[in-house]
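Below are the chains, spelled out letter by letter.
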Number of protein chains: 4
Amino acid sequence: MIIQLKDKIADFDKQSIESVIQNAGYQFTEVKTQQKSYLVCIGKKEIDIRKFGLLKGVEDVHRVNEDYKLVSRKWKVKNTVIDLGDGITINNGSKTIIAGPCSVESDEQIRGMVEVLKRNGVGIIRGGVFKPRSSPYSFQGFGLDVLKQFYAVAKENGMKVITEVMQLSQVEQMYPYVDIFQVGARNSQNFNLLSALGKVDKPVLIKRGISGSIDELLQSAEYVFSSGNERLILCERGIRTYERAYRNTLDLNAIPILKEKTHLPVIVDPSHGIGIRRFVEPMSLAAIAAGADGLMIEIHNEPEKAISDGFQSLNFEEFESLARKMRLLSGH
Amino acid sequence: MIIQLKDKIADFDKQSIESVIQNAGYQFTEVKTQQKSYLVCIGKKEIDIRKFGLLKGVEDVHRVNEDYKLVSRKWKVKNTVIDLGDGITINNGSKTIIAGPCSVESDEQIRGMVEVLKRNGVGIIRGGVFKPRSSPYSFQGFGLDVLKQFYAVAKENGMKVITEVMQLSQVEQMYPYVDIFQVGARNSQNFNLLSALGKVDKPVLIKRGISGSIDELLQSAEYVFSSGNERLILCERGIRTYERAYRNTLDLNAIPILKEKTHLPVIVDPSHGIGIRRFVEPMSLAAIAAGADGLMIEIHNEPEKAISDGFQSLNFEEFESLARKMRLLSGH
Amino acid sequence: MIIQLKDKIADFDKQSIESVIQNAGYQFTEVKTQQKSYLVCIGKKEIDIRKFGLLKGVEDVHRVNEDYKLVSRKWKVKNTVIDLGDGITINNGSKTIIAGPCSVESDEQIRGMVEVLKRNGVGIIRGGVFKPRSSPYSFQGFGLDVLKQFYAVAKENGMKVITEVMQLSQVEQMYPYVDIFQVGARNSQNFNLLSALGKVDKPVLIKRGISGSIDELLQSAEYVFSSGNERLILCERGIRTYERAYRNTLDLNAIPILKEKTHLPVIVDPSHGIGIRRFVEPMSLAAIAAGADGLMIEIHNEPEKAISDGFQSLNFEEFESLARKMRLLSGH
Amino acid sequence: MIIQLKDKIADFDKQSIESVIQNAGYQFTEVKTQQKSYLVCIGKKEIDIRKFGLLKGVEDVHRVNEDYKLVSRKWKVKNTVIDLGDGITINNGSKTIIAGPCSVESDEQIRGMVEVLKRNGVGIIRGGVFKPRSSPYSFQGFGLDVLKQFYAVAKENGMKVITEVMQLSQVEQMYPYVDIFQVGARNSQNFNLLSALGKVDKPVLIKRGISGSIDELLQSAEYVFSSGNERLILCERGIRTYERAYRNTLDLNAIPILKEKTHLPVIVDPSHGIGIRRFVEPMSLAAIAAGADGLMIEIHNEPEKAISDGFQSLNFEEFESLARKMRLLSGH
């Protein structure tokens, strides 16, 4: 059960609501997001939630039996729209494309890319500067200074930046140069990082874990939401199965299921999903047809020379073809 | 390496080709299909295949290194089109819908369905009469007599019938009442059944195994082809993974990969895939967007009362909505 | 619910029992095995089974809610012992080793092996003559004639033979030359084959499917049992997962779980499981420590030259070391 | 290739070695652990490593082609022994048991347990105070103050403490009260945490990820080692597969494979593995038979009343039975 409190609730009324909850045998967690205040109540007894609706100071109340509560569509039926400013939104009716290089390599690389992206209506650019890599001897990204340059070029061109944050201590450092924080698959259950991002007033995109279940993804989102940040985006990026014909099993089944379970936007990353450049386009179109709210695509001016993930990055021509077909498809 | 022989090759020329193959250190299997004759050659040495192309009696020769040979697009670049007669084809440019009940329940059921199917341009009706079931105490299908009625109604209405064959001894019995033999996921590596279906002059649809790899599906098709039957259809129907939010992980990644690897038509069964009725439509559209040649959909006049698989069957209204959207989508 | 009927039950009494079952809203399947007669009853209502126990002609009655019934330990608490004659048994207190080549290659091969096996107290020899292979161009086994020789050598030496049957039509052919029929992983849900083996009066060993669940293995055994054959052996042989460091994930968790759920003997095939020769010994010992009733091991006089599966076959010295350690371990 | 430098190498000699490496087309990472100094060299060209062995200042050199280097047995053949002081070691010939509650609940709980542990020769006690939980509303552990009490009781009794660290900022806080830092399955690829633990002079136990590969586990260990800490322990705790009959698929295949690939100790956690109390004993014995260097077992005075994981915790009697059987088994 979730109880949304009125904005200007008297302390006395709140204490009174809390007593009623406890007397009903329920435990509660108080959640204050940047927008609203909630009491998330957990218990096993059957209760009539209507009596809570009548209490003074209660704005709304709903029963939510899932392990995730505030991200559930049973709590909030209307889609969450992410407004990034400057007219750039996610989940506001049209399909969003996020595109950019796996790793930000240089100022020139980004400048060369921006024109292509703008011509195709892309308002959000991705690019990694901290790269989680299985081996300590692999390239780990160019770090904060390059992020600053990356952000400057994007801003100059009216674009928004999304990039991966790998640890708590980076949140503050990266904050001025990021429009959306991305949590990678390997950190999908790094609960301390998730909680910290709940304190931030910028949107957070959470990738599904390498073998994360759909429910676990929703619970990870619940960590951020219940720590104070309602502006969340979920991202399907492929799961680990026995099949070896591609990089990961991009799980498009997750799309209609997530869209039913949650009010948050759901985007798909086919580049890390199927992981093979020439199959990124069909999987992108399939993701949109399945109901995804957008795509995150890796592109590179010369994929053959990319520092990382070149085998799954589109060149500009391939990207423009994809963007064109996507516009046609989502025109329906 | 595959060598296609000329239709009217002299015995002497054939023996001569075979000697050259053996002298090159290769083993060969002679394959006579209902259309052509091939020598499928296997060996490890590097050889110059051009010298085989010059031999008398050789129509064509190609290098194919995969474990599957005759079904490979390296052998045959052009799509295999399945012509079922009466103007009904698969893989001939337009998208095919196969639809019908999980189990054929009665004459009335089928008659009631035929009208809906025809109105939506569906030329092939599915329906099981032999059902492979995990438990020996579950409903096992109504058997041969009901197949005869099913086939009669379909024929009367100019429709083609596809149904599952579970064992070798059924092939002959079912033959007069079947237009396409279906091999189910559990029999995907029943090699004796596959070989027997190679002798039959009707098309065969092979489902991917429950945890079958894409390569194994192609090798299963190779069994049928190398036993004599070139008219094959592959079907993605979901794989077994750790995720429990749906029935199977419908693996749409398999579509662009199969379309590249093989010349055979690839269709998708979202009903057994995601296995949840209200998600069959988005997954169907996604399959088409990913490049599938068609769909196989379970429908029922009253899904709530179906003997089997009601939870994943569309009612007529839902099916017509799907068919309409699919026409719109594949109009591009 | 399972009702065991008395051996000499009057027709009238049986009909009376059947009426009571039907009046209780249950459906039943009559099962006559080579030993006993049962009525396997399925229904959803809560019933008091004691009233069935009082009916004339009823020997015993038990509630079994699982999808598998007759193979459940809820039905039969005592272990099923497989008596193969000549003092060779499975599940009779001591641990059983089954060993032999992947493929029977020649008379000499078997003769050379028999001495080693006998010296180590092995009474059952394995060896394939029909091999299920993913590719139609791979070696498919030497067939029936070699089985006859194999059986003759084994009999001469007082040993029992287990070999894989791949299809229904082979059952009759192979019958005279087989002591235990083996159903391979790919045929684990070939329900027609399983049912046919229910009519045979020789034991059947069923391997878990490539991605078969523990419950499905039990239901496959139920197919054979409910078709008339109680003498069954279950075999864990590894499942398909994402891990690529070995051939299959030998799932030793299945052992204590199967031993609790069923009265049938459970043996383990580490050769196909981990699939790497030098790791067969530790996995064998682990299987015994986990409670397995026996092992099935691939051996070869010269593994490097084996026609199939040489990389997972032990040579004689390695096998003797394993057998020695196993005796030591199971001495407890 | 790994080059171990002499302890007192002249700067000039070191620069000279580095030049030779670079001239050979290799990149290197300098690794200083608390024991030694290494140059880990990565490159693709074939080189004759003997010429590096002759350079002044080089102690030893080995070729290591795997993605993990310093943890490889190709680098160091001899087992790493973890000496915790007070005569308590891991991987020193005998099998180690680590046992304790899932969550530390109280001073009394620990005091009551210590006696049982000591009677069974257990020198290391486990107990969580920071618990990673999928849901933000679940119990998250009692935190630092309880750790202090836990450590005090253990110290008083001559026992060592292992507990999970969840984030970088906890490392320093927890340091005085921990003998072994544990990295949980969800943090198995939290590379920042791993690197930070490389700076610490206490041993680190790393659990395999929820669907982590064996190679990834070794690479995670490489992160800690290459950051400076050689005292590492690996822990198999079950992987995520399709099977639902138990909690996780405890993968005992990993044991002989890890023991061959690395010189680090390998222990097994059957409590989180199979996750069912009555099957912890057989899986423990199987782990030891497969070659594991030790076990980590959850126990509780009253499992039915445990705050977390009671269903997989042994009571004292069950634990003593297990410990007894393990001593018997490893007596061989």
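First things first, this report covers the structure right here in the doc. As the structure is a computational prediction, the values presented were derived from the model and not from experiment.

Criteria and thresholds
- Residues numbered from 1 in each chain as written.
- Chains lettered and ligands numbered in written order.
- Predicted model: local features only at pLDDT ≥ 70, side-chain atom pairs only at ≥ 80, totals over all residues.
- Heavy atoms only, no water.
- Pairing = 2+ DSSP bridges.
- Helix = DSSP H or I, 4+ residues; strand = E, 2+ residues; numbered from the N terminus.
- Axes fitted to C-alpha atoms, helices over the stretch in contact; angles between N-to-C directions.
- Contact = heavy atoms within 4.5 Å.
- Buried area = accessible area lost by both parts, 1.4 Å probe.
- Salt bridge = Lys/Arg side-chain N within 4 Å of Asp/Glu carboxyl O.
- Polar contact = N/O pair within 3.5 Å; in protein donor to acceptor, adjacent residues only side chain to side chain.
- Least-squares fit on C-alpha atoms with pLDDT ≥ 70 in both.
- Buried < 20%, exposed > 50% of the residue type's maximum accessible area, 1.4 Å probe, protein only.
- Expected span 1.5 Å × (residues − 1).
- Nonpolar A, V, L, I, M, F, W, Y, C, P; charged D, E, K, R; others polar.
- Phe/Tyr/Trp six-rings, centres within 6.5 Å; stacked < 30°, edge-to-face > 60°.

## Details of the sheet that holds strand β2 (residues 27-32) of chain C
Residues and elements named next belong to chain C.
Right, on to step 1. One open sheet accounts for four strands, arranged β2-β3-β1-β4; its pairing is antiparallel. Edge positions in the open sheet fall to β2 and β4 (58-62), since each of these has one partner strand only. For this sheet the average axis-to-axis angle between neighbouring strands, irrespective of direction, equals 20 degrees.
Right, on to step 2. Bridge count between β2 and strand β3 (residues 37-42): six bridges; the pairing is antiparallel. Of the residues in β3, the one forming a bridge with Q27 is I42.

## Here we look at the interface of chain C and chain D
Right, on to step 1. The partner chain D presents 34 residues to the 34 residues of chain C that form the contact.
Right, on to step 2. Of the roughly 2700 Å² buried between chain C and chain D, counting both surfaces, carbon and sulfur atoms make up 65%.
Right, on to step 3. Our count for the chain C to chain D interface comes out at four salt bridges.
Right, on to step 4. The residue D:R208 makes a salt bridge to C:E243 at a minimum N-O spacing of 2.8 Å.
Right, on to step 5. Along the contact surface separating chain C from chain D lie 14 residue pairs in polar contact (both at pLDDT 80 or more).
Right, on to step 6. At the level of elements, α8 (254-261), α10 (280-289) and α11 (316-330) of chain C are the ones that each hand at least two residues to the side of chain C that touches chain D.

## With respect to the relation of the copies chain B and chain C
Right, on to step 1. Superposing chain B onto chain C takes a rotation of 180 degrees plus a shift of 0.0 Å along the axis, which leaves an RMSD of 0.0 Å. The two molecules are tied by a two-fold rotation axis, judged by turn and shift. Of every C-alpha in chain B, the one belonging to B:S211 sits nearest the axis of rotation, 3.0 Å from it.
Right, on to step 2. The share of interface residues of chain B whose copies in chain C are also at the interface is 100%, consistent with both copies meeting through the same surface.

## Re unusual backbone geometry
Right, on to step 1. Not every positive phi belongs to a glycine, and A:D86 is a case in point at roughly 55 degrees.
Right, on to step 2. With respect to the helices and strands, A:D86 occurs in the loop between β5 (82-83) and β6 (89-90).
Right, on to step 3. Classification of A:D86 as exposed rests on a relative accessible area of 64%.
Right, on to step 4. In this structure, C:D309 takes a positive phi of about 60 degrees despite not being glycine.
Right, on to step 5. Here C:D309 lies in the loop between β14 (294-298) and α11.

## Re helix α4 (residues 144-156) of chain D
Right, on to step 1. Its 13 residues give α4(D) an end-to-end C-alpha distance of 18 Å, which sits within 8% of 18 Å, the value for a rise of 1.5 Å per residue.
Right, on to step 2. If you check which residues of α4(D) are buried, you get D:L144, D:V146, D:L147, D:F150, D:Y151, D:V153 and D:A154.

## Overview of the interface of chain B and chain C
Right, on to step 1. With 32 residues of chain B at the interface, the matching set in chain C holds 32 residues.
Right, on to step 2. Together, the buried faces of chain B and chain C total about 2700 Å²; carbon and sulfur atoms form 48% of this surface.
Right, on to step 3. Here chain B is connected to chain C by two salt bridges.
Right, on to step 4. Taken together, chain B and chain C are joined by 17 residue pairs in polar contact (both at pLDDT 80 or more).
Right, on to step 5. Of all elements in the fold, only β3 (37-42), α6 (191-197) and α7 (214-226) of chain B reach the threshold of two or more residues within the side of chain B that touches chain C.
Right, on to step 6. Among the elements that take part in the side of chain B that touches chain C, α7(B) stands out by supplying five residues, more than any other.
Right, on to step 7. Split by residue class, the side of chain B that touches chain C holds 11 nonpolar, 14 polar and seven charged.

## With respect to the packing of aromatic side chains
Residues and elements named next belong to chain A.
Right, on to step 1. If you walk through the whole model with that rule in mind, you get 20 aromatic pairs over all chains.
Right, on to step 2. Relative to Y177, the ring of Y151 lies with its centre 6.2 Å away and its plane at 75 degrees, an arrangement referred to as edge-to-face. Note that Y151 is positioned in helix α4 (residues 144-156) and Y177 in the loop between α5 (168-174) and β10 (180-183), a separation of 26 residues in sequence.
Right, on to step 3. Among the residues examined, Y151 registers a relative accessible area of 13% and is labelled buried.

## Considering the sheet that holds strand β10 (residues 180-183) of chain B
Residue and element names in this part refer to chain B.
Right, on to step 1. With parallel pairing, eight strands are arranged side by side around a closed barrel as β7-β8-β9-β10-β11-β12-β13-β14. Between one strand axis and the next, the sheet turns through 25 degrees on average, direction left out of account.
Right, on to step 2. Pairing geometry for strand β13 (residues 266-268) and strand β14 (residues 294-298), over two bridges, is parallel. Bridge pairing in β14 places I267 opposite G294.

## Here we look at the relation of the copies chain C and chain D
Two chain copies, one operation linking them: a rotation about an axis together with a shift along it.
Right, on to step 1. Aligned on chain D, chain C shows an RMSD of 0.0 Å; the corresponding rotation is 180 degrees and the shift along the axis is 0.0 Å.
Right, on to step 2. Comparing interface residues between copies, 100% of those in chain C also sit at the interface in chain D, which points to an isologous, same-surface contact.

## A short note on the pattern of salt bridges
Right, on to step 1. Applying the stated criterion to the full structure yields 96 salt bridges over all chains.
Right, on to step 2. Here A:K325 makes a salt bridge to A:E281, at a shortest N to O gap of 2.5 Å. In this pair, A:K325 is assigned in helix α11 (residues 316-330) and A:E281 in helix α10 (residues 280-289), connecting sequence segments 44 residues apart.
Right, on to step 3. Since its relative accessible area comes to 39%, A:K325 is described here as partly exposed.
Right, on to step 4. Between D:E66 and D:K74 there is a salt bridge, with its nearest N and O atoms 2.7 Å apart.
Right, on to step 5. Given a relative accessible area of 21%, D:E66 falls into the partly exposed group.
Right, on to step 6. Residues joined by salt bridges that share partners form a network here, namely A:R208, A:E236, A:D251 and B:E243.

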